[in-house]
Amino acid sequence: MERSAAPQLSPTIRAGWLDKNPPQGSYIYQKRWVKLDADYLRYFDSEKDAYSKRFIPVSSISRVASVGDQKFEVVTNNRNFVFRAESDADRNEWMQTLQQVAEERKGKAPERTPVHPTAPDATEPVDKSGFLELRGFKHKLFVAVAGDKVFLYKNSEDYRQGIGITYIEMNVGNVKEVDRRGFDLTTPYRIFSFSAESEQEKEEWVEAMRHAIAEALSNSEVAERIWALEPNRFCADCGSPQPDWASINLCVVICKRCAGEHRGLGPGITKVRSLKMDRKVWTEELIQLFHHIGNAVANQFWAANVPPSEAIGPGSSSQDRRRFLIAKYREGKYRRYHPLFGNQEELDRALCAAVTTSDLAETQALVFCGAAVTCATGDPQCPVPLALAEKSGQRLQMEFLLHNKTSETPRLEVGGGEEKHYSVLLPCVTHNGFLYKTPSMAKPVSERKGQEEFSRRWCTLQDGVLSYYENDRNAVPNGEIKAGDIVCLVNNPPHTHGIESTFEVYIESERLYLFGLDCPEAAREWLKSIAKSFVPPHAEELLSHDFERIGRLLYKGGLNLERAKEGWFALAGPTLYVCFEDSERHEALQLRKLQELSIQGDNEVLVLVERRRTLYIQGERRLDFLGWVHAIQKAAGSSGDTLSEQQLTEGDVPMLVDRCIDYITQCGLTSEGIYRKSGQNSKTTSLLEMLRRDARSVRLKEGEHHVDDVANTLKRFFRDLGDGLFTRRWSQDWLRATALEDEEAKIGEYRRLLDTLPTVNRATLKALINHLFRVQRFSGDNQMNTHNLAIVFGPTLFQTDGKDYKAGRVVEDLISHYVKIFNVNDQEMKKQQDEITAIMKMREAASSGTQQAGDFICTVYLEEKKTETEQHVKIPATMTAEELTFEILDRRKIVTKEKDYWSCFEVNEREEAERPLHYSEKVLPILHCLGTDSYLVVKKQLSMENMLIYLASRVGDCKHGMMKFREERNLLGLGLSTGFHDRYFILNHTCLRLYKEVRSLKQRTPVLENSHKPEKEWPIRNLRVYLGIKKKLRPPTCWGFTVFYENEKHEKQQWYLCCDTQADLREWFATFLHVQHGGALWPSETCKVRASRRQQDARLGNISLIPLRGNESEMRSSVAAFATDPLTLLRNV
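Just so it is clear, the model here is predicted, and its values are computed rather than measured. (Residues numbered from 1 in each chain as written. Predicted model: local features only at pLDDT ≥ 70, side-chain atom pairs only at ≥ 80, totals over all residues. Heavy atoms only, no water.)

Caption draft 1: Molecular detail of the overall build of the protein chain. Counting its regular elements, the protein chain contains 32 helices and 43 strands. In the protein chain, the proportion of contacts linking residues at least 24 apart, taken out of those at least 6 apart, comes to 60%. As displayed, the protein chain has an accessible area near 53,400 Å², and 48% of this comes from carbon and sulfur atoms. (Helix = DSSP H or I, 4+ residues; strand = E, 2+ residues; numbered from the N terminus. Contact = heavy atoms within 4.5 Å. Areas by Shrake-Rupley, 256 points an atom, 1.4 Å probe, with all protein chains shown as cover.)

Caption draft 2: Main features of the side chain of T665. Looking at the element boundaries, T665 is found in helix α16 (residues 655-667). Among the residues examined, T665 registers a relative accessible area of 6% and is labelled buried. A polar side-chain atom of T665 sits 2.7 Å from the main-chain carbonyl oxygen of I661. (Buried < 20%, exposed > 50% of the residue type's maximum accessible area, 1.4 Å probe, protein only. Polar contact = N/O pair within 3.5 Å; in protein donor to acceptor, adjacent residues only side chain to side chain.)

Caption draft 3: Up close: helix α30 (residues 1062-1076). For α30, spanning 15 residues, the distance from its first C-alpha to its last is 21 Å, which sits close to the expected 21 Å at 1.5 Å a residue. Backbone geometry just downstream of α30 places G1078 in the positive-phi region, at approximately 65 degrees. (Expected span 1.5 Å × (residues − 1).)

Caption draft 4: Representation of the packing of aromatic side chains. Under the counting rule described, the total for this entry stands at 47 aromatic pairs. Ring geometry for Y555 versus F569: centroids 6.5 Å apart, planes at 70 degrees, classification edge-to-face. Placement of Y555 in strand β25 (residues 549-557) and of F569 in strand β26 (residues 560-572) is noted, with a sequence separation of 14 residues between them. Under the relative-accessibility criterion, Y555 is labelled buried at 4%. Taken together, the aromatic side chains of Y40, F55, F131, F142, F151, Y153, Y159 and Y167 make up a single cluster linked through ring pairs. (Phe/Tyr/Trp six-rings, centres within 6.5 Å; stacked < 30°, edge-to-face > 60°.)

Caption draft 5: Here's a closer look at the environment of E912. Looking at where E912 falls in the secondary structure, it is placed in the loop between β34 (902-908) and β35 (913-916). Judged by its relative accessible area of 39%, E912 falls in the partly exposed class. It is 9.8 Å that separates the C-alpha atoms of E912 and S934, two residues lying 22 residues apart in sequence. Setting aside residues no more than four positions away along its own chain, E912 makes contact with L1027, G1028, I1029, K1030 and K1031.

Caption draft 6: The pattern of salt bridges, seen in detail. Applying the stated criterion across every chain, the model contains 60 salt bridges. Residue K746 pairs with D813 through a salt bridge whose shortest N-O separation is 3.5 Å. In this pair, K746 sits in helix α20 (residues 743-756) while D813 sits in helix α24 (residues 805-816), placing the two residues 67 residues apart along the sequence. Here K746 matches D813 in class, with each residue buried. The closest approach of N and O atoms between K964 and D1060, which form a salt bridge, is 3.4 Å. Placement of the pair is K964 in strand β37 (residues 959-967) and D1060 in the loop between β43 (1052-1058) and α30, with a sequence separation of 96 residues. D1060 sits in the partly exposed class, given a relative accessible area of 48%. Connected through shared salt-bridge partners, E508, R552, E566, E620, R621 and D624 make up one network. (Salt bridge = Lys/Arg side-chain N within 4 Å of Asp/Glu carboxyl O.)

Caption draft 7: Region of the structure containing the sheet that holds strand β17 (residues 272-274). In space, the three strands of this open sheet follow the order β16-β15-β17, with antiparallel pairing throughout. The two strands at the open ends of the sheet, each matched to only one other strand, are β16 (252-254) and β17. With strand direction ignored, the average angle separating the axes of adjacent strands in the sheet is 35 degrees. Taken together, the three bridges between strand β15 (residues 245-247) and β16 define a ladder with antiparallel strand orientation. Note that in β16 the partner of W245 across the bridge is I254. (Pairing = 2+ DSSP bridges. Axes fitted to C-alpha atoms, helices over the stretch in contact; angles between N-to-C directions.)

Caption draft 8: Just the pairing of β37, in detail. Where β37 lies against strand β38 (residues 981-987), seven bridges are found, and the strand directions are antiparallel. Directly across from F965, in β38, lies its bridge partner H981. Bridge count between β37 and β43: four bridges; the pairing is antiparallel. Of the residues in β43, the one forming a bridge with E967 is W1055.

Caption draft 9: Up close: empty space enclosed by the protein. Tallied over the entire structure, the rule returns eight cavities of 30 Å³ or more. Taken as a whole, the second largest cavity encloses approximately 180 Å³ of empty space. Lining the second largest cavity are 19 residues, with S903, L917, H918, Y919 and W1082 positioned closest to its centre. Residue assignment for the lining of the second largest cavity shows that the elements contributing at least two residues are α27 (881-891) and β34. (1 Å grid on protein atoms, 1.4 Å probe; cavity = no way out; pocket = protein on both sides within 12 Å on 5 of 7 lines; lining within 4 Å. Points joined across faces, edges and corners; volume = space filled by probe spheres on them.)

Caption draft 10: Quick look at the layout of surface pockets. Size it by volume and the second largest pocket reaches roughly 1,000 Å³. As for the second largest pocket, its lining consists of 42 residues, of which V490, N491, N492, P493 and E548 are closest to the centre. Tallying contributions element by element places helix α15 (residues 622-635) first for the lining of the second largest pocket, with seven residues. Classifying every residue of the lining of the second largest pocket gives 17 nonpolar, 14 polar and 11 charged. (Nonpolar A, V, L, I, M, F, W, Y, C, P; charged D, E, K, R; others polar.)

Caption draft 11: Representation of unusual backbone geometry in the model. Positive phi, close to 65 degrees, is recorded for C251, a residue that is not glycine. If you trace the backbone, C251 turns up in the loop between β15 and β16. Since its relative accessible area comes to 0%, C251 is described here as buried. Phi angles above zero are rare outside glycine, and Q799 is one such case at about 55 degrees. Along the polypeptide, Q799 turns up in the loop between α23 (786-798) and α24. Residue classification places Q799 among the partly exposed residues on the basis of a relative accessible area of 30%.

Listed below in structure tokens is the structure:
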């Protein structure tokens, strides 16, 4: 399916210079370049011109006649054209060719391009026609958009006759809106600047031309193959002929109008793709799936019980289509129920049986009657139905399950078949007045709109419809927006555009309307009125907030993650208010306190983690969802230089402060001169900028960040803090308190002043003093006692020049009387003491040599990355991957069986790939190279037995064959940036070679191999091969590698390989491992190794140690373990 996307053009039959008799007079001739093809006779000013001055359809030519010396006449149904050649012989050749082409055309029906859009034998329907102004022409032209072309005519009479000026092939066109009524059609040869009668008319022209571009760039091969089945030639929902869209998870072929309504149902119900444009989606398996299911089988299930009164047809309205499709697919109202419907256990069991057969109709019925696609099969080797289908060789069953992994089960909603936001009665709101408006857009507003780009329009909001008119005297609106179609309303910051106050309205059909007013109060009234018109009553509590953005989104959360629900969201400052589907009151999410904020999939799901709960927000419509993502990310970041404007922990401490304190506690308590020594200025500046931008995503690592740089960063943050830690209002009171001679009175005053501080300042001060209290406990090592710390932090926290001794006195008092001033109870003190003791013992062990040199503490997971599966392990320099594997298995008391191939894997989450470590690999060097998005996990290597069998049965040490190859674009922009390409590979014991074409057997012999230079060649020793390829690259198969290459000069490359089958993947990977490790894939005497491996230090027992490397949650989890029994660490010492 690698056909060109451009339409097939008619080849030129004859071309040359002729004189043409113009309308001005019979004796005046003009020299023209004339071209004849199977469809048109056209003439141009020059042979280099791309667009003609006139075209004459061949099918309209009735005869060609000689009219004197060197002249001939082309006679059409309505007009005659006289040409003069250079000689009689040239004239005769032109006449003969024209007559032959005209007769051939009349003898058969047109196959490609119509004579003109209204001709009786036209094959292309007209999408849009009418008059437009074109820059360079005095009078308006009649323009017609038909199929993949735009035709230009002098007037409507020429249009009816089919004789035009020129036509534009839209495969090279691009349409851009210019102003309220103008738009440009840009081609490589010319820019056509059009102007329409009105804004609404312009939008219709732009849409029609963009559709023509899509038609020109489409590929009909997939459509033709799917249409090979008679039922697939008509829309599965309304019966329209030649449907060129499809739902790839429902396996139905649908028309364009129904496809638009399908998109409104959301990707959890139906995944819509084009037969002609989304070529990468249409794998051979998916096409075969539509041959086996398609409209016939699918409708036997989905439309088994459709009443004639509820069915729709090609002429049905959008509202009727929407109502029908909601009932058909979201609610499953007309489906044929499976006999096991309602019995979840039996449905799942039946699905596990069905996927091992070729009965796709049964699988479809089971899945859409409630069987879980990811249900447990009870088979450890094939834990889910997809694995069962793969084991049984049922490729089409696998394809169906893959496309329905996230599909929702249809269910009837209480209250009727309408969508929830249509079924509630929206309040009747009335408002009117003048607004400034720009043309609607299909993409986010990325540039500032000037005042001249807005048009003043009279607008009314009445009966759930926002209408805009040319002026307040017009009775017919230029356009309308239904309140039920509004999905999001955005209040832009002042002066975002040329109008002082602007707001954006997003609608269901992925369009954006920008309105504005110069009066902020009037704009606010419009915002409130529009919001009231589309926000349902149960969510109207959201309107009480001064929102920046409000609208509806799909979400998943809580215990039920199977079905996406509809919620209403309002963003106000750093708070996201949510009205959930199953809750009467709205909840507030403090975005700056999120533990995690990330995007999953191809910008399709936004993940928010707060207070140990996770909320998944799904992108039902790309246009408004991208706006939500950017707005939430911005609101979740730091917005200023005061404490309250920073990202915060759950305890209201700035995350920046928390990150620095945690790191210094773990790595710098014994560092001599901590906080007195200054770090490198450039590194401090860089680190502070990173933490200010997004402290949540920064991970401080030993080895990468020096403790003095981190300490300097913390001090600079407090010195540059807006309003200071003690606040400008109360800082002098803190300084005056030092004059009190009575210690108890002074402590009482400090406690009183502490209560006056804002919540975040109070929590931050306690966290900092708690940290300094710990630091001074190690003063024997770090030489930083309470007095020294006070000298450093006094001027920093009070932002003074250091001359006032009182600032240092305050800090010294706070550290000395930390327990009393901050009301620290015995439990807190004991926990802190235990943590300090544990850290001291570990540091002493490291410095005295009792701990092996190079020991490192890291987190390793068992089978999957979960909190309950993590183990903190001390990694000595000599530990191998095999020893680490058995360390984890022993801790969890897991007994290995004969063919249990337990291995340690390095997992790279960013690349979505993993690599089983060779049993002899040293673990410590790998840990030092791990990024923040990588981790180690111990699990079974399921393919090891098959790889060992393959290696034992093959002949020779080499492997060769075709794989699909893609190279990551390098820093200079070179390399293959997109797509996978077939390449031939040869892997031997020294290198991997890539060829553009297949090498013959002779060429693969050792003698001649060097005589045929490969396109690329890599030494095996420099390659690291990972299983898997990240999904956003859209690999052609699911069996792929990610390969990293680094040479001796530390130059790096990254590329991807895809195999056609899983067996190919195993064979290539086994060969890679075989040649890289000298043929030893698996140890022969595993049990002996397990019995004789190095015993761990008995002094540390089997407890989970404090991880010196990892994120803060891992560190806290480990510290919490000590809190329950702090003496465990010190036993047997």
